[in-house]
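Examining the three-dimensional arrangement
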Amino acid sequence: MIETIGFCQEMRPESCGFILFGATGDLAGRKIIPALFGLCEKKLTPKNFYIVLASRTPLDRGALESRLWNTLAKAGFAPSPENFSSFLGRLEYLQADYGNGDFYGRLSQRLAALDAKFGVKKNRLFYLATPPAAFEQITGELKSGGLLFEPEDRACWSRIIVEKPYGSSLESAAALDAGLKTAASEPQVYRIDHFTGKEAVQNVMALRSANAVFDNTWNSRFVDHVQITVLEELGVEGRAAFFERMGLARDMMSHLLQLAAITAMDLPSTFRDTDFKAEKKRFFESIRPLSPEEAAKQAVRGQYAGYRAEPGVAPGSAVETFLSFKFQVDNDRWRGVPFYVRAGKKTGAKKTRIDLVYKKPDRGIFRAIDIGYPNVFSFSIQPEEKVAFSLISKHPGPKLCFVPRSMGLDYRPEGREAAGYPTDYERLLIEAMSGDKTLFLSSFEIQFMWKFLSPLLEAWQAGPEACPLHAYADGTPGPAAAEELIKKDGRSWV
Ligand code: BG6
């Protein structure tokens, strides 16, 4: 058991009702219902808490219960009978008709009854796990049905969680946001990017904030370049329809930019979510936009060889399953330090990591001699959760020679301790129930993501000759062109 020291801040989720729209859909089944059960099992929910699952599908209680059991089993849970029945005891199902005011009337009555039963004071968290096209209609109906309270009302709250895809272009994202905002105000909207909820991602910030020795060297004086890698073993896995519409760049860009921000933004002066978001915004604003011409030179797209044979994929599909690009940050900390990013499917192994590659010494005895540099500060986010610093050490023995060694911190706790930790989605639900927006994306961040991505998409559309789609063999870490992208700058992927 690791003992904590000194400072310990705990999020306290406030008593509330959790209403999940789209409860029989893919996202609910893969992520939200398992997270809700995980929170119940780990006793991390508020004491006064209930769940309403809503979806168009008609389900009687028996069918609901067996469906939930299967959902949890598929997500890797083996619930004890007590835990499962305690979960069911907090939960109701409501068949929904999202466009019909009567449904919201029924919902309102059920929420009032459940508030009374579970001792909740009209605090409500609505999770819209529906297609984004339904967001505006649902929030509008919630508002006109009296289910969305004004944020100024201190006696109770209502919050809305939404999840990507936040549109498929800058314009459609803006329209989606505007639609959502006709009924809900910005403080009420919680936009998820589940990468920010990952334990090891949080540790990047924690380590930077608590150890001046590292953060003081995270700048252009010491760091040669930064690498962000999000490679996945899996292919599209039954999501071909979604992928054919979106492609990897749209699917993953938010995650990549969030990892970049958490690594490289200036540290906020307090833990307040507003301070954190202000610094993150400043970082995004200092990323140099890529023009379509630069995008053609600084970005590589690829497709794994077996993609076109996946069920649901068009035989001649030009959708990318791999992306790599380079960008620059125009601020005092990072000016001149390139950021190299790569993300892809079917690349042989899951590997999510952030690497800060240090400069070689430019003075002193080893200025001109290669003794195995560079020093690299690495955060492995998935599947391992590790922090490592590779340095050069003397080889033990009579001679003066050097070897690269690594100092490491295995971040993942073992056994029972690990079992009590929240997963990414569980953590984000706790934060939303606590009213802390640090880990959620602002309207600005979504807009920034699309502004940054649009020239890339434009370049790919306009000039397949200038920006070819490179094939890569299944199980390899992307096309040779991605190696070339970094190699031509005299560097290589870690
Ligand atoms: C999702 C993407 O947001 O993130 C998926 O839609 C991707 O395509 C997934 O596989 C990766 O998340 P994780 O947590 O499995 O690394």
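Everything below is about the structure printed above this text.
Since we're looking at a predicted model, the values are computed, not measured.

1. Some points on the overall build of the chain
Summing up its helical and strand segments, the chain has 15 helices and 15 strands in all. Over its C-alpha trace the chain gives a radius of gyration of 24 Å, about what one expects of a compact globule, namely 23 Å for 494 residues. Counting only C-alpha atoms, the chain reaches 75 × 55 × 40 Å along its principal axes. Considering the chain as a whole, with its 494 residues, one finds that 52% of them fall into the buried category. Considering only contacts within the chain whose residues lie at least 6 apart along the sequence, 75% involve residues at least 24 apart. Positive and negative side-chain charges of the chain, numbering 63 and 60 respectively, have mean locations separated by a distance of 3 Å.

2. Details of the site of the ligand
Around the ligand lies a shell formed by K164, H194, F195, K198, E232, R239, D251, M252, H255, K345, K350 and Q382. In this structure, K198 approaches the ligand through a side-chain N or O atom, which is 2.5 Å from an oxygen atom. The contact in question runs from an oxygen atom of the ligand to an N or O atom on the side chain of K345, over 2.7 Å. Protein burial of the ligand: of its 400 Å² of free accessible surface, 82% is covered by the chains.

3. Concerning the packing of helix 6 (residues 170-181) against helix 14 (residues 443-462)
Closest axis-to-axis distance for the helix 6/helix 14 pair is 9 Å, and the angle between their directions is 165°. By the angle class used here, helix 6 and helix 14 are roughly antiparallel. Our pair here, helix 6 against helix 14, has a crossing hand that is left-handed. The residues of helix 14 that touch helix 6, namely those facing L170, A173, D177 and K181, are S443, I446, Q447, W450, K451 and S454. Its residues assigned to classes, the contact of helix 6 with helix 14 comprises four nonpolar, three polar and three charged.

4. Thoughts on the pattern of salt bridges
Throughout the structure, instances matching the rule amount to 31 salt bridges. Between K181 and D177 there is a salt bridge, and its shortest N-O distance comes to 3.0 Å. In this pair, K181 and D177 both sit in helix 6, four residues apart, roughly one turn of the helix. Judged by relative accessible area, which is 31%, K181 ranks as partly exposed. Between R333 and D266 there is a salt bridge; the shortest N-O distance is 2.7 Å. One end of the pair, R333, is in the loop between strand 9 (322-327) and strand 10 (339-344); the other, D266, is in the loop between helix 9 (240-264) and helix 10 (273-286), and 67 residues separate them in sequence. The exposure class assigned to D266 is partly exposed, which follows from its relative accessible area of 27%. Each of R208, D215, D266, E279, R282 and R333 takes part in a single network of salt bridges with overlapping partners.

5. As for the packing of helix 5 (residues 135-144) against helix 6
Pairs of packed helices are described in terms of their axes, by the angle between the two and the distance that separates them. One way to put it is that helix 5 packs onto helix 6 with a least axis distance of 8 Å and a crossing angle of 10°. Considered as vectors, helix 5 and helix 6 are oriented roughly parallel to each other. In contact with F135, E136 and T139 of helix 5, helix 6 contributes L176, G179 and L180. Of the residues that constitute the contact of helix 5 with helix 6, the class distribution is three nonpolar, two polar and one charged.

6. A closer look at the sheet that holds strand 5 (residues 158-163)
The pairing of strands in a sheet comes from backbone hydrogen bonds and takes either a parallel or an antiparallel form. The six strands lie next to each other as 3-2-1-4-5-6, forming an open sheet whose pairing is parallel. Since the sheet does not close on itself, it has two edges, and those belong to strand 3 (91-95) and strand 6 (189-192), each with one partner. With direction set aside, neighbouring strand axes in the sheet form an average angle of 20°. Strand direction decides the pairing type here: strand 4 (residues 124-128) and strand 5, joined by four bridges, are parallel. Looking across to strand 5, one finds that Y127 is bridged to I161. Helix 1 (residues 26-41) rests against strand 1 (16-21), strand 2 (49-55), strand 4 and strand 5 of the sheet, and its axis sits at about 165° to strand 1. In the packing of helix 13 (residues 424-434) onto the sheet, contacts are made with strand 1, strand 2, strand 4, strand 5 and strand 6, and the angle to strand 5 comes to roughly 150°.

7. Digging into the side chain of E279
Tracing the backbone through its elements, the reader meets E279 in helix 10. The exposure class assigned to E279 is buried, which follows from its relative accessible area of 16%. The contact partners of E279, leaving out residues within four places of it in the chain, are M265, D266, L267 and P268.

8. Some points on the packing of aromatic side chains
In total, this model carries 32 aromatic pairs according to the counting rule given. Between the aromatic rings of F284 and F448, the centroid separation amounts to 4.9 Å while the plane-to-plane angle is 25°, which identifies the pairing as stacked. Of this pair, F284 sits in helix 10 while F448 sits in helix 14, placing them 164 residues apart in sequence. Across this residue pair, the class does not change: F284 and F448 are buried. Three or more aromatic residues joined by ring pairs form one cluster here, namely F283, F284, F325, F327, W334, F339, F444, F448 and F452. Taking the ring centre of W157 as reference, the NZ or CZ of R159 above it sits at 3.6 Å. Across from the ring centre of Y190, 5.0 Å away, lies the NZ or CZ of K437, which sits over that ring.

9. Some remarks on helix 3 (residues 81-89)
Among the residues of helix 3, those classed as buried are F84, F87 and L88. Along the axis of helix 3, the buried residues cluster in a sector spanning 95°; they form a single face.

10. Quick look at the environment of G420
Relative to the assigned elements, G420 resides in the loop between helix 12 (415-419) and helix 13. Judged by its relative accessible area of 38%, G420 is partly exposed. Not counting chain neighbours up to four residues away, the residues in contact with G420 comprise K42 and L44.

How each quantity is defined
Residues numbered from 1 in each chain as written. Predicted model: local features only at pLDDT ≥ 70, side-chain atom pairs only at ≥ 80, totals over all residues. Heavy atoms only, no water. Helix = DSSP H or I, 4+ residues; strand = E, 2+ residues; numbered from the N terminus. Rg over C-alpha atoms; globule rule 2.2 N^0.38 Å. Buried < 20%, exposed > 50% of the residue type's maximum accessible area, 1.4 Å probe, protein only. Contact = heavy atoms within 4.5 Å. Lys, Arg positive; Asp, Glu negative; His and termini not counted. Charge placed at Lys NZ, Arg CZ, Asp CG, Glu CD. Near = heavy atom within 4 Å. Polar contact = N/O pair within 3.5 Å; in protein donor to acceptor, adjacent residues only side chain to side chain. Areas by Shrake-Rupley, 256 points an atom, 1.4 Å probe, with all protein chains shown as cover. Axes fitted to C-alpha atoms, helices over the stretch in contact; angles between N-to-C directions. Parallel < 35°, antiparallel > 145°, perpendicular 65-115°, else oblique. Left-handed = near helix turned anticlockwise from the far one by under 90°. Nonpolar A, V, L, I, M, F, W, Y, C, P; charged D, E, K, R; others polar. Salt bridge = Lys/Arg side-chain N within 4 Å of Asp/Glu carboxyl O. Pairing = 2+ DSSP bridges. Phe/Tyr/Trp six-rings, centres within 6.5 Å; stacked < 30°, edge-to-face > 60°. Lys NZ or Arg CZ within 6 Å of the ring centre and 35° of its normal. Arc of directions from axis to C-beta.

Note that all results are geometric; they support no functional claim without further evidence.
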